[in-house]
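What the coordinates show
These are the residues of each chain, in order.
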Amino acid sequence: GLHPTTLPFIAESAYGTIMARNAALLVLLFALAGSAMGFQLGRASLPSLRGSRAAQCPAKSSLRMQARPDGDDTPPSGGALDRRSFGFSSAFALSSLIFTPTAPTWAADNALIPADLPKTYKALYCDRVVSDPDFRKAVQIKEVPMRLPEPDEVIVKVCYAGIILGNEEMRVMGIGKNEDLKNMTEGFRTGSEGLGVIVALGQEAADQGFGIGDNVAWASRNGSFAEYNNVRWGYLQKVAKLQPEALAVRISGAVSYSMLTRRLRADEDMTILITAAAGGFGHMAVQWAKKVCGSRVIAVVGSPEKAKFVKRLGADVVIDSSREKDLSAAIRRAAPKGLDGVIDTVGGEYINAGMANLREGSLEKKTQGGKFVSVGFSSQYPHNPKALREVPTAFNAEELFWAGGSQVNDKFQSIYSSFIPVPLAVAARKEAFELWEEGKVRPVITKTYKGLGSVADAIEDQINRKTMGKVVVEIQRP
Ligand SMILES: NC(=O)c1ccc[n+]([C@@H]2O[C@H](COP(=O)([O-])OP(=O)(O)OC[C@H]3O[C@@H](n4cnc5c(N)ncnc54)[C@H](OP(=O)(O)O)[C@@H]3O)[C@@H](O)[C@H]2O)c1
């Protein structure tokens, strides 16, 4: 007899075969019987999607069983297909097979799942969280099943993936907000940002104006080191062309822009210190601060080559830390009146040097001190296990990073995390993209790594401080 778990495969093969239609007739009888027994509609919110999704749903149930443990942070908005919805959707699937002259490939409206969507694809997969921060040892390339989109998701073909220092090592180690991955016994996928083309999408994403063929940049926790990825529409940013530079804007550019404009409210009267200024985040921060806010920019970098690079981007003063014994003294020489703001991604001694030079406020004069924005703490990440013990810092960057929020100390200096409310962050991201498209800033990619197999090389080069600008891997040609 026909067991429900075998039905998906029959329906899946129905992408155009007569065989499936015959099977379909049989299953329709089952499904209608199910409905007649009083089963109810499981997903009431997808009116115009039904035609296509229903045709896909049986396949979805089979894929979902294997695909859900992929580390996707998207809560299942429809739930896995159960017998009730299975009966209903089968009825739809099969009636559409029977009453249309050819098997459906595209829906009539925006609920688009093309028939030629691959059923599996390659992804950089981590089987379980590890205690060693070596990303290369933690992951392998795996063939994973395609998961059809939830209503609020699109499926993107990933052309480029970006790398943010620390994200991947903390992810494979289950650190901080990745703690939940420790329970993922089936493993999870890696990669936090990407650029590519929409190839399929759910109804809600379509209602938001997204469509097949749109070029998009996205941030997501669930696996951009892969040939395809499911991403919620809220994380997408449409872009005119598939230029990998968009990846420098999507997270690093947008966050640095929001910190300068919303947190520091940087303007032409202010002196701002930016650490790791030649990096993916830093080189965008330098340009916003100088070219958009008009501030005086002091940039800290770790080599003469990086110094030249940030000078070209417009930094007023460049401190090469590889040539300075005392970072704090070097900053004092560059800003004798004190800093109005600091954007720091390095942590450790950089925190102390920045805080020591931050302008102090005064209760009598009713003045606020300078503002320190802690966006990351690269020198304290797990690839440097000694780091946390090396220097006691003026505040705990790690705690602030994961918890968010802000503090004011006894010198009326403010210390901020990178967290800002989502609507502000979204507005800042849109502005950042507009400014980039107007040519106000120039994101830089100095080297593009090629293929999923090169992701670990890129991560290692970044950790070893060898990279400048945004680190990008070309996953596949558009
Ligand atoms: N909160 C957010 O939303 C957000 C968004 C994006 C990035 N970030 C954070 O920003 C930081 C920078 O990210 P990124 O992707 O742009 O990286 P990156 O700046 O391209 O690379 C990190 C740079 O940090 C400096 N560095 C100093 N000490 C280091 C150490 N011990 N290990 C490694 N690097 C060290 C190096 O520059 P020098 O050689 O010039 O010193 C290195 O090139 C990371 O901490 C990341 O987590 C946060």
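Now for a description of the structure that goes with this document. (Residues numbered from 1 in each chain as written. Predicted model: local features only at pLDDT ≥ 70, side-chain atom pairs only at ≥ 80, totals over all residues. Heavy atoms only, no water.)

Scanning the entire structure with this criterion turns up eight aromatic pairs. Plain terms: the ring middles of Phe 377 and Tyr 381 are 4.7 Å apart, the flat faces sit at 80° to each other, and that makes the pair edge-to-face. Just as Phe 377 is buried, Tyr 381 falls in that class too. Ring-pair connections join several aromatic residues into one group, and the members of that group are Phe 377, Tyr 381, Phe 401 and Trp 402. (Phe/Tyr/Trp six-rings, centres within 6.5 Å; stacked < 30°, edge-to-face > 60°. Buried < 20%, exposed > 50% of the residue type's maximum accessible area, 1.4 Å probe, protein only.)

So, about the pattern of salt bridges. As enumerated under the stated definition, the model contains 18 salt bridges in all. One salt bridge connects Glu 431 with Arg 262, and the closest N-O pair in it is separated by 2.8 Å. With Glu 431 in helix H15 (residues 422-437) and Arg 262 in helix H8 (residues 246-263), this residue pair connects regions lying 169 residues apart in the sequence. In this structure Glu 431 comes out as partly exposed when scored by relative accessible area, which is 29%. Notably, a salt bridge pairs Lys 440 with Glu 438, separated by 3.1 Å at the nearest N-O pair. Given the relative accessible area of 40%, Lys 440 is considered partly exposed. The exposed category is assigned to Glu 438, whose relative accessible area is 52%. What you see here is one network of salt bridges that share partners, running through Asp 132, Asp 134 and Lys 137. (Salt bridge = Lys/Arg side-chain N within 4 Å of Asp/Glu carboxyl O. Helix = DSSP H or I, 4+ residues; strand = E, 2+ residues; numbered from the N terminus.)

What follows deals with the sheet that holds strand S4 (residues 188-189). By definition, the strands of a sheet pair up through backbone hydrogen bonds, in either a parallel or an antiparallel sense. If you trace the three strands from one edge of the open sheet to the other, you get S2-S1-S4, paired in antiparallel fashion. Since the sheet does not close on itself, it has two edges, and those belong to strand S2 (139-145) and S4, each with one partner. (Pairing = 2+ DSSP bridges.)

With that out of the way, let us pick up the site of the ligand. Of all residues adjacent to the ligand, which total 27 residues, the nearest are Phe 281, Gly 302, Lys 306, Tyr 381 and Ser 418. Ser 378 places a polar side-chain atom, nitrogen or oxygen, 2.9 Å from an oxygen atom of the ligand. One nitrogen or oxygen atom from the side chain of His 383 is found 2.9 Å from a nitrogen atom belonging to the ligand. Expressed as a share of its isolated accessible area of 900 Å², the protein-covered part of the ligand is 93%. Secondary structure elements with two or more residues in the shell around the ligand: H8 and helix H16 (455-463). Here the shell around the ligand takes three residues from H8, the largest share from any one element. Partitioned by chemical class, the residues of the shell around the ligand number 14 nonpolar, 11 polar and two charged. A domain split of the shell around the ligand shows at least three residues from each of domain 2 (120-244 + 446-474) and domain 3 (249-423). (Near = heavy atom within 4 Å. Polar contact = N/O pair within 3.5 Å; in protein donor to acceptor, adjacent residues only side chain to side chain. Areas by Shrake-Rupley, 256 points an atom, 1.4 Å probe, with all protein chains shown as cover. Nonpolar A, V, L, I, M, F, W, Y, C, P; charged D, E, K, R; others polar. Domains from an automatic or database assignment.)

A word on the nonpolar core. Within soluble globular proteins, side chains that are nonpolar tend to cluster in buried spots. Residues Phe 135 and Phe 225 are the most contacted members of the largest nonpolar core, which totals 62 residues. No fewer than three residues from each of domain 2 (120-244 + 446-474) and domain 3 (249-423) sit in this core. With sequence-adjacent residues up to four places away left out, Phe 135 is seen in contact with Leu 124, Glu 168, Val 172, Thr 190, Phe 225, Val 455, Ala 456 and Ile 459. By size, the runner-up hydrophobic cluster in this structure holds 51 residues, among which are Val 197, Leu 247, Val 373 and Met 468. (Core = buried A, V, L, I, M, F, W, Y, C linked by side-chain atoms within 4.5 Å. Contact = heavy atoms within 4.5 Å.)

Turning our eyes to something else, we now look at the environment of Ala 205. Along the chain, Ala 205 turns up in helix H7 (residues 203-207). The class of Ala 205 is buried, set by a relative accessible area of 0%. With 54 residues separating them along the chain, Ala 205 and Pro 151 place their C-alpha atoms 6.6 Å apart. Ignoring any residue separated from it by four or fewer positions in sequence, one finds Ala 205 in contact with Pro 151, Asp 152, Glu 153, Val 154, Phe 210 and Trp 233.

A cluster of basic side chains, namely Lys 291, Lys 308, Arg 312 and Arg 442, defines a positive patch on the protein surface. Looking at the secondary structure, you find Lys 291 in helix H9 (residues 282-292). (Patch = residues over 30% accessible without salt bridge, like charges linked within 9 Å, V, L, I, M, F, W, Y side chains within 5 Å. Lys, Arg positive; Asp, Glu negative; His and termini not counted. Charge placed at Lys NZ, Arg CZ, Asp CG, Glu CD.)

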